Structure formats: C-alpha cells, structure tokens
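What follows is the residue order along each chain.
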Amino acid sequence: GHHVSNQRIRFQRRNRPCRYDIDRFTPSFLSIFESLVPSEEEIARQKQLLTSLSRIINKEWPNSKLYLYGSCANSFGFSNSDIDLCLSIDDKGMSKVDIILKLADILQAGNLQNIQPLTRARVPIVKLTDPETGLSCDICVNNLLAVVNTKLLRDYAQIDRRLQQLAFIVKHWAKSRRVNETYQGTLSSYAYVIMCIHLLQLRRILPCLQEMEATYFVTVDENNCAYFDQVDKLSNYGAHSRDTVSRLLWAFFHYWAYEHDYTRDVISIRTGRIISKERKDWTRRVGNDRHLICIEDPFELSHDLGRVVDKFTIKILREEFERAANILQFDPNPSATLFEPY
Ligand code: ATP
Ligand code: MG
C-alpha cells in the first residue's frame, strides 16, 4: 500500500509544471551567487602562491611542475576555500611517500610554515602555510587525473555563465544542508558540479565536449582524456535558452527528487545522456560500491562518484532533494528557506 501510493505521488509530480512566478527570485539567487564568488585580489594571491612555491620546488626538481586543481582552479570555488596543488614529477623509483617527505624538507628550507607531511592519508599530502600571502594549501603528488578534470570543469564554465551560477547555489545548498560530506556518505562538490553540467547538457545549454572532435588529448594512467577545448568558439551555444538560474535550480531539484530513475539510470557527462546501470554493470553491490545514485566520472569510467552513498544516506539525500524541490515550488521566500542550516 504505502509503496504504491508513494510511487503514484512521484509519478504525478514528474510532470509538475514550474511555478509561474519563479523568475521573481532570480535577483536574490544572483546576489547570493555574487556574495560567494572570490575577488580578483584573492585569485591573484592564489597565483602568487603557485608562482613562489613553483620557484622553490623547481630549484630542487627542475623537471617537476606544480598545478592548481580543485575548486581554486575549476571556477566553482567559493571565496576563502582551500587551495589544492598537485606536483607532477617523474618519480624515478621514488615512492609517493618518499616524495612527500623530501618535498616537506624542501619547503622547510624555503621558509614556509606549519609544514605537515601526511603520509598515511588515502591521498598522501603535505600541508603548509605561506607567510607571505597568508594562504594555506595541500600539495599532492602525481594526481594528474584531478588536474585534467579540473580543466574540463573550467572549460564547461566558460561556455555559459549559468553553469557557474547554478553550481554555486547547489554547492551552497549542499553545504548548508550538510549533504556535501563524502566521509559521511554524501556527495562531493565535484559530483554536484557534474550533476549541474549534466542538467544543462540535457537542456542544450551546454554541449558534450567529449563527443566533439578532440582538440585536447592526454593519457593519464591508461585513461584517454580527449575533448574539444576551444570553448571560446562556443560562447553562443546556449543563447537559444532563456532559462534563468532560478528556473534551472527548480529543474535541478525536480529532476533529482521526482524524475531520475534511481534503479536504472546513470548520468554521464561524457556522453551527454543518461545511460543504463546495466550497460556499466553497476546493478549490484561490489565491495563497497553500492551504486545507489550513479554519476559516471568523465574520464575514469569505472568510477561512480555516487559510490560513497549508502542505504541510509541515499534516503537523506533524496529527502533533501524533495525538500528543495518543494521549497522552490511553494515557498514564499525560497532563497532564504532553501539554505536554512540543517
Ligand atoms: P570545495 O569547494 O567543496 O572544496 P572542490 O571543487 O575543491 O570543492 P572537492 O570535492 O574537494 O571539490 O575535490 C577537489 C578536486 O579533486 C576536484 O575538483 C576534482 O578534480 C578532484 N576530485 C574530487 N573528488 C573526486 C573523485 N571522486 N574522483 C575524481 N576526482 C575527484
Ligand atoms: Mg577542495
């Protein structure tokens, strides 16, 4: 009984039209977005940190290269978010842990502060603070897939401004509602951005760069990463669509609350479509990968970004999607209620 009636409710809401006055809320969503964007000054300070650390490290390892990745480089970072750096180095028989320890020594000699090598972490890193800029950062070693997926996200953000607006608000919602904590079984910021890209692909506001003729190619750990990266040529791609950020936000939560088929579907920005779990062989639990919400990584195709979600947290997530969808549909003041702390 209960199960059936629940399904009927879901089915009816599938075709629910968006509230007629949704665009009234666009200015307040846009001002939330503006308040979260880092300033030019902050971005300049991050670049300065990259330059000075590169100089110190290159003295010792001339063939290494330091990259910014993650939110400080993918255009989806909030002001004052952490800085992720990746050192690319030909390891010549040195283990990652050896490199991390040597790197900590090099940084010590370069007068950086609070240097902490964390060699037992799943991804070994060195933490440090730069007294000159006052910034703290983490440096990992040879995690080039993260550098490449950072570029992909940044390239998508160049095509249509609405991606950045939507993803900032979704991330802000996820942080406020505490569903952006991978160690607690909810989704990473990276996964939320991919979900936003996917929605805009379905609405033809964004193209599928990996299905276009490749202009950028790299191979990282046997993964072929190739896509069209001349995104300045695509700046009119989404111009046909008048969708505002509030309408897209409504569509995002409506999709994840009422339209997504959690038993069958995988979202894939690599193909710009929904593909089946069957095709990926993600229909059953293997080890710790439960596949209760399936989000394909664009380059590491065996990697489900939803694998951290378990049978308890999937319920929490879906209830939060429904809460958000209902607020956007009915609440008189959605741009406040949506972000009420959990
Ligand atoms: P935040 O503002 O929350 O710090 P972030 O963009 O730094 O957001 P994280 O989820 O902390 O996002 O991830 C940092 C970077 O690490 C991502 O941009 C991505 O390049 C990489 N990354 C994170 N999670 C994964 C994952 N599951 N698979 C592959 N790469 C990932
Ligand atoms: Mg981060």
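Residues numbered from 1 in each chain as written. Chains lettered and ligands numbered in written order. Predicted model: local features only at pLDDT ≥ 70, side-chain atom pairs only at ≥ 80, totals over all residues. Heavy atoms only, no water.

**Quick word on the nonpolar core**
Grouped together as the largest cluster of nonpolar side chains are 74 residues, with contacts concentrated most on Phe-29, Trp-173 and Phe-321. Elements represented by at least two residues in this core include exactly helix H2 (26-36), helix H5 (144-159), helix H6 (161-176), helix H7 (189-202), strand E6 (216-220), strand E7 (223-227), helix H8 (245-259) and helix H10 (313-330). By residue number, the principal contributor to this core is H8, which donates eleven residues. Ignoring sequence-local partners within four residues, the contact set of Phe-321 consists of Trp-173, Met-195, Phe-253, Trp-256, Ala-257, Tyr-262 and Ile-293. Listed in part, the 27 residues of the second largest apolar core include Leu-49, Ile-100, Ile-106 and Cys-137. (Core = buried A, V, L, I, M, F, W, Y, C linked by side-chain atoms within 4.5 Å. Buried < 20%, exposed > 50% of the residue type's maximum accessible area, 1.4 Å probe, protein only. Helix = DSSP H or I, 4+ residues; strand = E, 2+ residues; numbered from the N terminus. Contact = heavy atoms within 4.5 Å.)

**As for the site of ligand 1**
As a matter of local geometry, ligand 1 sits amid 17 residues, with Ser-71, Asn-149, Lys-171, Lys-175 and Ser-189 nearest to it. In the environment of ligand 1, an oxygen atom lies 2.8 Å from a nitrogen or oxygen atom belonging to the side chain of Lys-171. Contacts to ligand 1 include Lys-175, whose side-chain N or O atom sits 2.8 Å from an oxygen atom. Of all the secondary structure elements, the ones that give two or more residues to the shell around ligand 1 are H5, H6 and H7. Top element by residues in the shell around ligand 1 is H5. It accounts for three residues. When grouped by side-chain class, the residues that make up the shell around ligand 1 number four nonpolar, eight polar and five charged. Both of domain 1 (2-36 + 160-337) and domain 2 (40-142) provide at least three residues apiece to the shell around ligand 1. (Near = heavy atom within 4 Å. Polar contact = N/O pair within 3.5 Å; in protein donor to acceptor, adjacent residues only side chain to side chain. Nonpolar A, V, L, I, M, F, W, Y, C, P; charged D, E, K, R; others polar. Domains from an automatic or database assignment.)

**A look at the packing of H5 against H7**
For the pair H5 and H7, interaxial distance at closest approach is 11 Å and the crossing angle is 40°. The orientation of H5 with respect to H7, classified from their angle, is oblique. The two elements H5 and H7 cross, and the hand of that crossing is left-handed. Touching Asn-149, Leu-153 and Tyr-156 of H5 are Tyr-190, Val-193, Ile-194, Ile-197 and Gln-201, all from H7. (Axes fitted to C-alpha atoms, helices over the stretch in contact; angles between N-to-C directions. Parallel < 35°, antiparallel > 145°, perpendicular 65-115°, else oblique. Left-handed = near helix turned anticlockwise from the far one by under 90°.)

**Concerning the pattern of salt bridges**
This structure, assessed with the given rule, holds 17 salt bridges. In this structure, the salt-bridge partner of Glu-181 is Arg-178, at a minimum N-O distance of 3.8 Å. Among the residues examined, Glu-181 registers a relative accessible area of 16% and is labelled buried. With a closest N to O distance of 2.6 Å, Glu-296 and Lys-280 form a salt bridge. Here Glu-296, found in the loop between strand E10 (294-295) and H10, pairs with Lys-280, found in helix H9 (residues 277-280); they are 16 residues apart in sequence, far enough to count as distant. Given a relative accessible area of 0%, Glu-296 falls into the buried group. By relative accessible area, which is 17% here, Lys-280 ends up buried. (Salt bridge = Lys/Arg side-chain N within 4 Å of Asp/Glu carboxyl O.)

**Describing the domain arrangement of the protein**
You can read the domains of the protein as domain 1 (2-36 + 160-337) and domain 2 (40-142). Its C-alpha centre places domain 1 at a distance of 30 Å from the equivalent point of domain 2. Taken together, the contact pairs nine residues of domain 1 with six residues of domain 2. Both faces considered, domain 1 and domain 2 share a buried interface measuring about 680 Å² in area, 72% of it formed by carbon and sulfur atoms. (Buried area = accessible area lost by both parts, 1.4 Å probe.)

**Examining the packing of aromatic side chains**
Inspection of every chain in the model, using the stated rule, returns twelve aromatic pairs. For the pair Trp-173 and Phe-253, a centre-to-centre distance of 4.7 Å together with 65° between the ring planes defines the contact as edge-to-face. Note that Trp-173 is positioned in helix H6 and Phe-253 in helix H8, a separation of 80 residues in sequence. Among the aromatic residues, ring-to-ring pairing joins Trp-173, Tyr-192, Phe-252, Phe-253, Tyr-255, Trp-256, Tyr-262 and Phe-321 into one connected group. (Phe/Tyr/Trp six-rings, centres within 6.5 Å; stacked < 30°, edge-to-face > 60°.)

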